[in-house]
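# Observations on the model geometry
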Amino acid sequence: MAILSADVYKEMILDLYKNPLHRGVLDPCDVWHRDGSMFCGDDITIFIRFGKGKIIEDISHSGHGCAISQAAVSLLTEHVKKKTKDDALHITNEQMVAMLGIPISPARMGCALLGLKALRGALEKET
Amino acid sequence: MSLISRQQFPIFRNHPNLVYLDTAASALVPDSVIAKMNEYYEEYSVNIHRGLYDLSIRASREYDAARGTVADFIHAKPEEIVFTSGATHGLNFLASVLADTMSEGDNIVLTRLEHHANLLPWQRLAKQKKTELRFIELTNDYSLDCDSAQKLIDERTKIVSVTMMSNALGTVVPVEKIVAMAKQVGATTIIDAAQGVAHRAIDVKNIDCDFLVFSGHKIYGPTGVGVLYGRREMLASLEPFFVGGDMVRIASYTDAAWTDAPQKFEAGTPPIAEVIGLGAAILFMQTIGFEYIQQQEHDLCVYAKNILEKEVTLIGPKEHINRSGVFSFVIDGIHPHDVADILGSKHIAVRAGHHCAMPLMEHLGLVGTARASFGVYTTKEDIDRLAEGIQEVKRIFRCAL
């Protein structure tokens, strides 16, 4: 079944693309990690400040990318804020796609998961 | 009267609704090329050279004939044509074997436009040999700034390697002028014709370059095969990178002597069907002729520019004389990847991203572009469909139309 553009570019995705959540450079932060996609040139950096009990006190993202990667990283940062490092590390690729709530073709999977990849990279830097 | 029909391309028979605007990445392959390769596999699919039986003699004859066809196509001699796996192979080979001609403090001159294939091999060489990389600048119109070339090429320039045509912006580079400047300081000259070869007739004697590379799949031929042209005396002076079968005059357990060029650069069994297919692709292009190709491309470029500049921001030379059928564009507020995805859902094939020219995109302050590129089968209807597709993209993203 072909995926229709109308199903992908839903109001919520476009809203988050135009008005992203938690966007910017978090300063000061405890860890940050930059990841990119060779395929499309998308580029995301995640910044995290931890609180007591390894709770994600604050989180932000910067960089540039397509509507899907940008909506995904907005949803993801909103989802993990105030959760623990362990909770965040347990988010699966499938859960990330489910959060977006749109069909993701194989060609766009990298876009959908780029923010999660960057988040995992940042979390691993926390010791 | 059109000299070619879309019906000559099986892809269009299988996908009648396809708008293919990604020829700069790979050109579609006509029946004649596929038939010629199938003929090899069905009638004489054996190894070349050294076989003393009819089938091998035929395979060798067809393989050698393809070399002659390529030589004729770019006005070289057959012994100046080396088959490679593609332009990337040719450029990596040159960067490896020319390394010894470089010393600390020398420089290599490229342009801002280069594809990664004509950048990264030189970048690596420059790091190894502590030499400087210099980049000929662009004008405000995305054309090559020849004054900048004049300033950058000096007595310490050992290699000048430039694209003939930008795959990212469509810019046509005046390679004859650049080669002439390089010759004045005795630099080795290399032309990356991967993009240019499908659009302009090439005469290596007229360009006067030492080397020129291109790939088969950009000229309606198969993937996996390409060409390295080397001036006869230059090839004679170079050592092979790969050594092995089919390239020795004599070999013992302790020593070996190579054959002459081009065989000494073609160790191992080559992609025989692909080489023969490349020959057929060149015959296909020669049947159409560059006069027709350039006229058709010019008409399409004029048409496309008029239509597209109303819809998008074009990134490339405005003067038709300085450009070819490659149109890079951006739409304010919409990422190129989203543009290409939505167009793709409407069977319009364009490419999006940095087009293997990341440094160029960064230099221009862009995250990437969407790119529509034309071939001999492209029609004005394709461009109309693209324009409709772009309007749909903007509608989905709620842009002001």
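Residues numbered from 1 in each chain as written. Chains lettered and ligands numbered in written order. Predicted model: local features only at pLDDT ≥ 70, side-chain atom pairs only at ≥ 80, totals over all residues. Heavy atoms only, no water.

Each helix and strand in chain A was counted, giving six helices and three strands. Against the compact-globule benchmark of 14 Å for 127 residues, chain A has a radius of gyration of 14 Å, which places it among compact chains. Burial status across chain A gives 49% buried among its 127 residues. Within chain A, residue pairs in contact and separated by at least 24 positions form 61% of the contacts whose partners lie at least 6 positions apart. Within chain A, one finds 15 positive and 16 negative side-chain charges whose respective centroids are separated by 2 Å. (Helix = DSSP H or I, 4+ residues; strand = E, 2+ residues; numbered from the N terminus. Rg over C-alpha atoms; globule rule 2.2 N^0.38 Å. Buried < 20%, exposed > 50% of the residue type's maximum accessible area, 1.4 Å probe, protein only. Contact = heavy atoms within 4.5 Å. Lys, Arg positive; Asp, Glu negative; His and termini not counted. Charge placed at Lys NZ, Arg CZ, Asp CG, Glu CD.)

With that out of the way, let us pick up the interface of chain A and chain B. Contacts between the two partners involve 19 residues from chain A, matched on the other side by 14 residues from chain B. The contact between chain A and chain B buries some 1400 Å² in all, and 54% of this surface belongs to carbon and sulfur atoms. For the chain A face of the interface with chain B, the top three residues by lost area are A:Ser5, A:Tyr9 and A:Tyr17, together amounting to 30%. Counting the contacts that link chain A with chain B gives three salt bridges. Note that B:Asp338 and A:Arg108 form a salt bridge whose closest N and O atoms lie 2.9 Å from each other. Joining chain A to chain B, the criterion identifies nine residue pairs in polar contact (both at pLDDT 80 or more). (Buried area = accessible area lost by both parts, 1.4 Å probe. Salt bridge = Lys/Arg side-chain N within 4 Å of Asp/Glu carboxyl O. Polar contact = N/O pair within 3.5 Å; in protein donor to acceptor, adjacent residues only side chain to side chain.)

Residue and element names in this part refer to chain A. Relative to each other, helix H5 (residues 93-100) and helix H6 (residues 109-125) sit at 120°, their axes nearing to 10 Å. Taken together, the axes of H5 and H6 are oblique relative to one another. Crossing hand, H5 versus H6: right-handed. Mapping the contact onto sequence places Asn 93, Met 96, Val 97 and Leu 100 in H5 and Met 109, Ala 112, Leu 113, Leu 116 and Arg 120 in H6. Looking at the contact of H5 with H6 residue by residue, the class counts come to seven nonpolar, one polar and one charged. (Axes fitted to C-alpha atoms, helices over the stretch in contact; angles between N-to-C directions. Parallel < 35°, antiparallel > 145°, perpendicular 65-115°, else oblique. Left-handed = near helix turned anticlockwise from the far one by under 90°. Nonpolar A, V, L, I, M, F, W, Y, C, P; charged D, E, K, R; others polar.)

All names here are of chain B. If you check the domain split of chain B, you get domain 1 (6-30 + 290-400) and domain 2 (33-286). Domain 1 and domain 2 are separated by 28 Å when their C-alpha centres are compared. Counting residues at the interface gives 41 residues for domain 1 and 34 residues for domain 2. Summed over both partners, the interface of domain 1 with domain 2 buries about 3100 Å², with 59% contributed by carbon and sulfur atoms. Among the residues of domain 1 in contact with domain 2, Pro 30, Phe 290 and Leu 360 are the three that bury the most area, contributing 19% of the side total. The interface formed by domain 1 and domain 2 includes one salt bridge. Close ionic contact of Glu 297 with Arg 200 constitutes a salt bridge, the shortest N to O distance being 3.5 Å. Remark: the boundary between domain 1 and domain 2 carries 20 residue pairs in polar contact (both at pLDDT 80 or more). Of all the secondary-structure elements, those providing two or more residues to the side of domain 1 that touches domain 2 are helix H11 (290-308), strand S12 (326-330) and helix H13 (358-363). Of the residues in the side of domain 1 that touches domain 2, the class split is 23 nonpolar, 13 polar and five charged. (Domains from an automatic or database assignment.)

Residues and elements named next belong to chain B. Ranked by size, the top nonpolar core spans 76 residues in total, and within it Phe 83, Ile 191, Leu 212 and Tyr 377 carry the most contacts. Counting the residues that make up this core, at least three belong to each of domain 1 (6-30 + 290-400) and domain 2 (33-286). In this structure Ile 191 touches Val 162, Met 164, Val 175, Val 179, Ile 207, Cys 209, Phe 211, Leu 212 and Val 213, once residues within four positions along its chain are discounted. (Core = buried A, V, L, I, M, F, W, Y, C linked by side-chain atoms within 4.5 Å.)

In this description, a pair of aromatic rings is defined by centroid distance and the angle of the planes. Residues and elements named next belong to chain B. Summed over all chains, the structure comprises 17 aromatic pairs over all chains. When the centroid spacing of 5.3 Å and the interplanar angle of 75° are considered together, the rings of Phe 93 and Phe 265 count as edge-to-face. Here Phe 93 is found in helix H4 (residues 87-97), whereas its partner Phe 265 is found in the loop between strand S10 (256-258) and helix H10 (272-288), with 172 residues between them in sequence. The pair formed by Phe 93 and Phe 265 is uniform in burial state, with each residue classed as buried. (Phe/Tyr/Trp six-rings, centres within 6.5 Å; stacked < 30°, edge-to-face > 60°.)

Along helix H2 (residues 11-18) of chain A, the residues classified as buried are A:Ile13, A:Leu14, A:Leu16 and A:Tyr17. One side of H2(A) holds all its buried residues, which, seen down the axis, span an arc of 165°. Elements in contact with the buried residues of H2(A): helix H1 (5-8), helix H3 (67-80) and H5 of chain A together with helix H14 (380-396) of chain B. (Arc of directions from axis to C-beta.)

All names here are of chain A. Spatially, S1-S2-S3 is the arrangement adopted by the three strands of the open sheet, whose pairing is antiparallel. Of all the strands in the sheet, the pair left with one neighbour each is strand S1 (31-36) and strand S3 (56-64). Neighbour to neighbour, the strand axes of the sheet diverge by 15° on average, direction disregarded. Looking at chain direction, strand S2 (residues 43-50) and S3 are connected through eight bridges and run antiparallel. Counterpart to Ile 46 in the pairing with S3 is His 61. H3 contacts S2 and S3 of the sheet and is inclined by roughly 170° relative to S3. Across the face of the sheet, H6 comes into contact with S1, S2 and S3 while running at roughly 145° to S1. (Pairing = 2+ DSSP bridges.)

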